[in-house]
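Residues per chain are reported as follows:
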Amino acid sequence: MDTKRAAKYPFLRESSEFAEKNGADLDMLLTSESYEPARRRGKERVLQALEKSEVTYVELMNDYDRLIEVMSYPYARMLVSQIGDRFLTKRYALSEAVRMNGLLHKEDKETVLMISEELGVNSTVDRDGTIHMKFPDYLRLASRLNSIEWKLINSDIHHGIVYLPQDKYSRLMQNALQDKIESELPLMTPEEYRKYLMKDVEYIKNALNDAKIKMSPTNGEGMKNDYLPPCLIHILEMSRNGLNLPHSARFAVVTFLKALGLGYEDIIKVFAESPDFDESKSEYQIKHIMGELSGGEGYSPPECKTMKTNGLCYNPDSLCEQEWMNHPLNYYRAKMRSQNKKNEAAVQQASSKD
């Protein structure tokens, strides 16, 4: 048994076997003083996911430290499951997957194939290190990667097999592990275990709330009309004037407002300003776009290039024309930052006069 590998990739069956061999189980993890470092490290894994979008890896030299690292993984998963927040689950899954990607591209063939099998991807490795992956697996894992290097026309494919260097293969395995973790969470946590998790759960909930505020385009301040991009202002004016909005315009408004933190009740009020508003017709469409009907996160707001393609880029101003401006949310953030700087300058000027 390779205990170093078990600690590096704690989702492996080898890691579970390592824990069982040392008599480590959930009861011991949650109650024993000797596993307090594992609980602390598990909490750290979740916090690193929130703060850095990656769980760090530290080289561990002895089997005790490696066992602690292995046991921190199920503890982190229990914390995430107990909180039950979709954003946190996806963020945690991504962070563990990014960690694996950073390690896997330098691994030996045996480890590469072991992880491949564990993640349900059938692969083989050439003597020169080139990895063979079946086309359906490649398509499934690469479809979400938008960079041109992942397009089929730029891939080495022969007879239904895709040939990949190890670094590109590792990136695809990142997606595979992220999907695996997301599909497994939340775990069903027995009632008797929850009291042991309570303190750390509350701490992470507070950190999660802070993280959401920091990541919010509005910094948790709610939507301000002064920061809206010209395209959204125009679409909203069309709605207020009773003009028939195309589906692409309704989609853009709903996804944008949701990204700013508005819920269904606030978004429906926007459409209610239209003279011919009919909530029974709008409710299903809005909730579908928001993801409330499927239990998912809903759709993301379209980028500027998509807005232009759909004929929704109205009255672009000088900020819209900036080379780096590629998304309506970036417009909102830029306007907000500019106004905050003006407010700070005004406060400083007033203070200097005093």
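Here we summarise the structure given alongside this text.

1. A word on helix H6 (residues 86–104)
Part 1 of the reasoning: A rise of 1.5 Å per residue sets the reference length of H6, with its 19 residues, at 27 Å; its end C-alpha atoms lie 27 Å apart and thus fit the reference within 8%.
Part 2 of the reasoning: A large share of H6 lies buried, amounting to 14 of its 19 residues.
Part 3 of the reasoning: Capping the start of H6 is the job of one residue whose side-chain oxygen sits 3.0 Å from the backbone nitrogen of Phe 87: Asp 85.

2. Looking at the packing of aromatic side chains
Centre-to-centre distance and the angle between the planes together describe a pair of aromatic rings.
Part 1 of the reasoning: One pass over the structure, following the stated rule, counts 4 aromatic pairs.
Part 2 of the reasoning: Relative to Phe 11, the ring of Tyr 9 lies with its centre 6.3 Å away and its plane at 70°, an arrangement referred to as edge-to-face.
Part 3 of the reasoning: Pairing Phe 251 with Tyr 299 gives two aromatic rings, centres 5.5 Å apart and planes at 65°, and the pair type is edge-to-face. With Phe 251 in helix H12 (residues 247–259) and Tyr 299 in the loop between helix H14 (279–290) and helix H15 (304–309), this residue pair connects regions lying 48 residues apart in the sequence.
Part 4 of the reasoning: Taken together, Tyr 227, Phe 256 and Tyr 332 form an aromatic cluster joined through their ring pairs.
Part 5 of the reasoning: Of note, Lys 43 hangs over the ring of Tyr 203, and the distance from its end group to the ring centre comes to 3.8 Å.
Part 6 of the reasoning: Lying across the ring of Tyr 264, Lys 287 places its NZ or CZ 4.8 Å from the centre.

3. A look at the sheet that holds strand S2 (residues 131–134)
Part 1 of the reasoning: Pairing in this open sheet of 4 strands is antiparallel, and the strands run S1-S2-S4-S3 from one edge to the other. In the strand order of this sheet, the two ends are held by strand S1 (123–125) and strand S3 (156–158), each with one partner. This sheet shows a mean twist of 25° between the axes of neighbouring strands, independent of strand direction.
Part 2 of the reasoning: For S1 and S2, the ladder comprises 3 bridges, and the chain directions are antiparallel. In the sheet register, Val 125 faces S2, and the bridge partner there is Ile 131.
Part 3 of the reasoning: Sheet strands in contact with helix H7 (residues 109–118) are S1 and S2, and its direction is about 175° off that of S1.
Part 4 of the reasoning: Along the sheet face, helix H9 (residues 166–184) touches S1, S2 and strand S4 (161–164) and points at about 40° away from the line of S2.

Cut-off values and rules
Residues numbered from 1 in each chain as written. Predicted model: local features only at pLDDT ≥ 70, side-chain atom pairs only at ≥ 80, totals over all residues. Heavy atoms only, no water. Helix = DSSP H or I, 4+ residues; strand = E, 2+ residues; numbered from the N terminus. Expected span 1.5 Å × (residues − 1). Buried < 20%, exposed > 50% of the residue type's maximum accessible area, 1.4 Å probe, protein only. Polar contact = N/O pair within 3.5 Å; in protein donor to acceptor, adjacent residues only side chain to side chain. Phe/Tyr/Trp six-rings, centres within 6.5 Å; stacked < 30°, edge-to-face > 60°. Lys NZ or Arg CZ within 6 Å of the ring centre and 35° of its normal. Pairing = 2+ DSSP bridges. Axes fitted to C-alpha atoms, helices over the stretch in contact; angles between N-to-C directions. Contact = heavy atoms within 4.5 Å.

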